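# Coordinate inspection notes
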Amino acid sequence: LTLNQAASGLKVGESFATDIIKPEERVLPPKEKAPFITFVLGGPGSGKGTQCEKIVETFGLQHLSAGDLLRREIAMHTENGAMILNLIKDGKIVPSEVTVKLIQKELESSDNRKFLIDGFPRTEENRVAFERIIRADPDVVLFFDCPEEEMVKRVLNRNQGRIDDNITTMKKRLKIFNALNRPVIDYYKNKGKLYTINAVGTVDDIFQHVLPIFNSFEQLKESSHVNPQSHLGPSLKPRHHQQLKQHRQNEYNNSGFTSLSFTKPSPTPLLIGKQSIHRTQLEALDSVITDLETSAQKGISITEPEIFASLLETCYSLRAIDHGVRVHHLIPPYLLRNNVGISSKLVRLYASCGFAEVAHEVFDRMSKRESSPFAWNSLISGYAELGQYEDAMALYFQMAEDGVKPDRFTFPRVLKACGGIGSVQIGEAIHRDLVKAGFGYDVYVLNALVDMYAKCGDIVKARNVFYMIPNKDYVSWNSMLTGYLHHGLLHEALDIFRLMVQNGIEPDKVAISSVLARVLSFKHGRQLHGWVIRRGMEWELSVANALIVLYSKRGQLDQACFIFDQMLERDTVSWNAIISVHSKDSNGFKYFEQMQRADAKPDGITFVSVLSLCANTGMVEDGERLFSLMSKEYGINPKMEHYACMVNLYGRAGMMEEAYSMIVQEMEFEAGPTVWGALLYACYLHGNTDIGEVAAQRLFELEPDNEHNFELLMRIYSKAKRAEDVERVRQMLVDRGLET
Ligand SMILES: Nc1ncnc2c1ncn2[C@@H]1O[C@H](COP(=O)(O)OP(=O)(O)OP(=O)(O)O)[C@@H](O)[C@H]1O
Ligand SMILES: Nc1ccn([C@H]2C[C@H](O)[C@@H](COP(=O)(O)O)O2)c(=O)n1
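Just so we're clear, the structure is a prediction, and the values are computed from it rather than from any experiment. Along each chain, the written sequence defines residue order, and numbers are assigned to residues from 1. Following the order in which they are written, the chains are lettered starting with A and the ligands numbered starting with 1. Per-residue local features are limited, in this predicted model, to residues with pLDDT of at least 70; the limit for side-chain atom pairs, both in listing and counting, is 80 or more; totals at the level of whole chains, interfaces and linings are taken over all residues. No hydrogens and no water enter the side-chain calculation; it runs on all heavy atoms of the structure.

### Examining the packing of helix H29 (residues 557-566) against helix H30 (residues 572-581)
Inclusion rule: Where helices are involved, their axes are fitted lines through C-alpha atoms of the stretch in contact, as for all axes, and angles between N-to-C directions lie from 0 to 180°. Labels follow the DSSP assignment, with helices taken as runs of H or I lasting at least four residues and strands as runs of E lasting at least two, numbered in each case from the N terminus. The scheme is simple: roughly parallel for angles under 35 degrees, roughly antiparallel for over 145, roughly perpendicular for 65 to 115, oblique for anything else. Handedness of a helix crossing follows the sense of rotation of the near helix relative to the far helix, less than a right angle counterclockwise being left-handed and clockwise being right-handed. Contact between two residues is taken to exist if any of their heavy atoms lie within 4.5 Å; hydrogens are not considered. Here the nonpolar group is Ala, Val, Leu, Ile, Met, Phe, Trp, Tyr, Cys and Pro; Asp, Glu, Lys and Arg are the charged ones; every other residue, Gly included, is treated as polar.
At a minimum axis separation of 11 Å, H29 and H30 run at an interaxial angle of 155 degrees. Looking at the two axes, H29 sits roughly antiparallel to H30. For the element pair H29 and H30, the recorded crossing hand is left-handed. Packed against H29, whose contacting residues are Leu557, Ala560, Cys561 and Phe564, the element H30 presents Ser574, Trp575, Ile578 and Val581 at the interface. Its residues assigned to classes, the contact of H29 with H30 shows seven nonpolar, one polar and no charged.

What follows is the structure, encoded as C-alpha cells:
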C-alpha cells in the first residue's frame, strides 16, 4: 500500500497527492475559532449533571443543562413556561426550536468558548435543529451508560423537589429516552464522536474515565485549574448550586467555619459558596485550610472525616500538593490509619503529584488497604508515571498476595508499567489475569493491552487484541496506529488511518500528528500536509507542531517559521519546536524571549535547546544565566541533559576547569555518558590530556563497549604526540574485541 493508495481510501476523489500550497498563497486560519462543544447524553439520573460539575471544575467549560434552562423558563413564567411545565410533568420532550433557542442565547452571551451541553440532544429532531440553528457540530459526545434500575434508584433518591422525579414520570422518561435518545447516540457513534462511559461506580471513579477524554484536548488543558465559576454567566450556575449554597449557608451559620458542607460531601463543596470573596479555587482552598490551622492552633481538634475528604479531593483536582501537605498535617493519625477513604485520597494526591515515595509511606500505614483497590491503583499509577515501572509491577503482584481484587482501573495502569518494562511474558500474565477478572471485553482495558503489546515489541499480539475490541473508540485506533508507527510500520499505520476513515472515524489530530511526526519521506509529509489543509486541520495545535518539526528536520526553516508565526495558539511544544529549529543561530534566543513575553512556560526541553544554542554560538555568560534562571525562575531542576549542555558550553569555549567542576562539584547525581562524553570531546578539541584521561576512564566504566570513547582518547594522545599511550589504548580495544 502506498501513501497515495491509502489516501485514495480516505474520501472519494481525495488523495494526499496535491502538494502543499506556498506560504504566500496559504489561507490563513480564521481569526474567530469555533467554540468547543461537548454534548452530554445519558438516561435520566445517569449522573450527567454530577459529572458535568466535575468537568467544569477541572477544565473550565461552561455548563449548559438543557433541563435547567427549561426549568428556568418555568420558574420565570415566560411565555413558554406553562407549556414546558406540562411537557416535563409528563416526561415529554419540549419542541426543539424552543430548547435550541435557549441554548443559542447562552452560547451567544457567553465569553467562554468551551461548552458542556448537558441533556441535549434528546432526539434526532433536537440534533437536527441544533445543526440548523447553531450551525455547529459537537467536538465530543459523552454518553453515560447506566442500567435502568440504577437510574430509577438515583432519581427517586434525588430529593431536589423536581416535579418529574417520581416513579410514574420516571417510567415515561425512560421509555422516551430509549425510543428517542438511542438513535442520537448511534448517530454520534457512527460519526466516531461518541465516548461511552460506564456510569456505575462512585462519582470519582466515573470521573477518572472522563478525565482522559478531556485531557486529550490541548485547548481544554490550558484552562484547567481555573476557577470554573468565573466562566459561568450570571444566569446559569452549575446545577444544584442554589441548594448547595443554601445548605452551606446553614452550615456556616452554625459552625463558625468558612463555607464548607460537611454533612453531605459533594465533589467540591467548599468552592461554591464563596466566589464573591475568593477569586480562585486555590485561594478558597487556602483560606479554608488557614481557618482550620488557626482552629487547630487554638486546640480545637478537627476530626470530621468529611472535611478532610473534601479538602483532599480539591487538592487533588487542583494538583495543589503544598496545600495537600498542610491538610495531611491536620489529619489526626488515628483517622489516617483507620479511614480508608481519607488515606486513599491522600495516597492518590501524593502519587499523582509525583511523590510516590511519600504516597507509599501513607499507604504502608493504612490499616485496611485490602478493602479496596483504589489506593493501590493510585500508587501503581504514580510509579508508572514516574517511570518506576518495577515498583508499579511489584505492587500489582502484592495486590494478588494480599487478596485485593484488581478492578478495571488497575489493569490500564499496570499495563502501562509493563509496557515501560517491555516484558511480553509479564504482559501475557496480566492479560490472563484481566480476562479472568472479567475485563476481556472492556474497551478501556483492551486499549491499554494493545498499547502494552506494541510497547513490548509484540505488534502481532497488539494487532490481534485490537481486532478483538468490540466497539473501538478513538483510543483503540490511535493505540494501534501509534503501535505501528513505533515499530516503523508506516504502511500498516496508513492502513489503519484509512480504516479509521472507512469506519466513520475521522483521524483526529493525535493520529495525524503521530503520522506526520514519523513519515519517512518528505514527499509523503508534504502530501499529508496538503490533505490536512483541505480538512481545515492545519492549525490544530498538535498538527501545526508536527508540521514545524517536519519542515525543520528537512531544513525548510522558512516553512517551519511560517507555520509557527501563523499559529493561533501555541503551547510549550510549539515554542520548543521553533527554538530547536534555531538551535544553531541566535534567532532561537529571539524566540525564547518572545516565549517569555508571551507568558508561555518553558520546560526542561526548552532549556536543552537554548543551552545548546549558547554552546553552539559560544555565548557562555548567557548560558550561565539561563542555567540559573531555569531552576530559580521556573523551578526546573537540572537533569543529565542540562549538565551535558553546560559541560559542552564550557568545554567548547575551552573553559576546561569550569566544565570539570560542573561535573564533580555541581551535579547532585552521578554524571552519565552524555556528560563525560561532552567533556572528553572538549578535551580533544582543546588538547587537554589530564582531564581527558579522567573523562575517558569514567566512560570506559560506563560504556565498556563503546569504541568511540577509546578512539577519542587515542586522538587526544596522538595530538599530544604520546605514541605509546595511543598504542596502549589500541591494545585495550583489541583486548575487548572492539577493534574493527
Ligand atoms: N455515580 C453515582 N453513584 C450514585 N449516585 C449518583 C452518582 N452520580 C450521581 N448520583 C446521584 O444520582 C442523582 C442523579 O444524578 P444527576 O442529577 O447528576 O443525573 P442526571 O443524569 O443529570 O439526571 P437528569 O438528566 O434526570 O437531570 C443525584 O442525586 C446524584 O447525586
Ligand atoms: N433537550 C431536552 C432536555 C430536557 N428536556 C425536558 C424533558 C426532560 O424530562 C426534562 C428534564 O431534563 P433533565 O434535567 O433530566 O436533563 O426537560 C427536553 O424536553 N429537551
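Right, picking up where we left off after that structure.
### A short note on the nonpolar core
Across soluble globular proteins, you tend to see nonpolar side chains buried next to one another. Cut-off, in case you're wondering: Take the buried residues of types Ala, Val, Leu, Ile, Met, Phe, Trp, Tyr and Cys, join any two whose side-chain atoms come within 4.5 Å, and each joined set is a nonpolar core. For the exposure calls, accessible area comes from a 1.4 Å probe over protein chains only, and a residue counts as buried if that area is under 20% of its type's maximum, exposed if over 50%, partly exposed in between.
Ranked by internal contacts, the top residues of the largest apolar core, which has 196 residues, are Leu142, Phe214 and Leu679. With nine residues, helix H22 (residues 443-455) is the largest single contributor of residues to this core. Not counting residues within four places of it along the chain, the set of residues in contact with Phe214 comprises Thr38, Ile55, Phe59, Leu61, Leu116, Leu142 and Leu220.

### Focus: the pattern of salt bridges
Formally: The salt bridge criterion pairs a side-chain nitrogen of Lys or Arg with a carboxyl oxygen of Asp or Glu, the two atoms within 4 Å.
Inspection of every chain in the model, using the stated rule, returns 35 salt bridges. Lys54 serves as the salt-bridge partner of Glu313, at 3.5 Å between the closest nitrogen and oxygen. Placement of Glu313 in helix H13 (residues 305-318) and of Lys54 in helix H2 (residues 48-59) is noted, with a sequence separation of 259 residues between them. Accessibility classification places Glu313 together with Lys54 in one group, the buried group. Of the charged contacts, one joins Arg722 and Asp725 as a salt bridge, the two residues approaching to 2.8 Å between their closest N and O atoms. Accessibility expressed as a relative area gives 30% for Arg722, which makes it partly exposed. Using a relative accessible area of 16% as the deciding quantity, one classes Asp725 as buried. Within the structure, one salt-bridge network assembled from shared partners comprises Lys54, Asp204, Glu313, Lys345 and Arg348.

### Considerations on the packing of aromatic side chains
Here is the rule: Two aromatic rings, drawn from Phe, Tyr or Trp (for Trp, its six-membered ring), form a pair once their centres lie within 6.5 Å of each other, and the interplanar angle then sorts them: stacked below 30 degrees, edge-to-face above 60, tilted otherwise. Only lysine NZ and arginine CZ atoms are considered, and such an atom sits over a ring when it is within 6 Å of the ring centre and within 35 degrees of the ring normal.
Enumeration over the complete set of coordinates arrives at 23 aromatic pairs. Connected via pairs of aromatic rings, a cluster forms that spans Phe39, Phe120, Phe130, Tyr187 and Tyr188. The ring of Phe564 carries the charged tip of Arg570 above its face, separated from the ring centre by 4.2 Å.

Coordinates in, geometry out; function isn't part of it.
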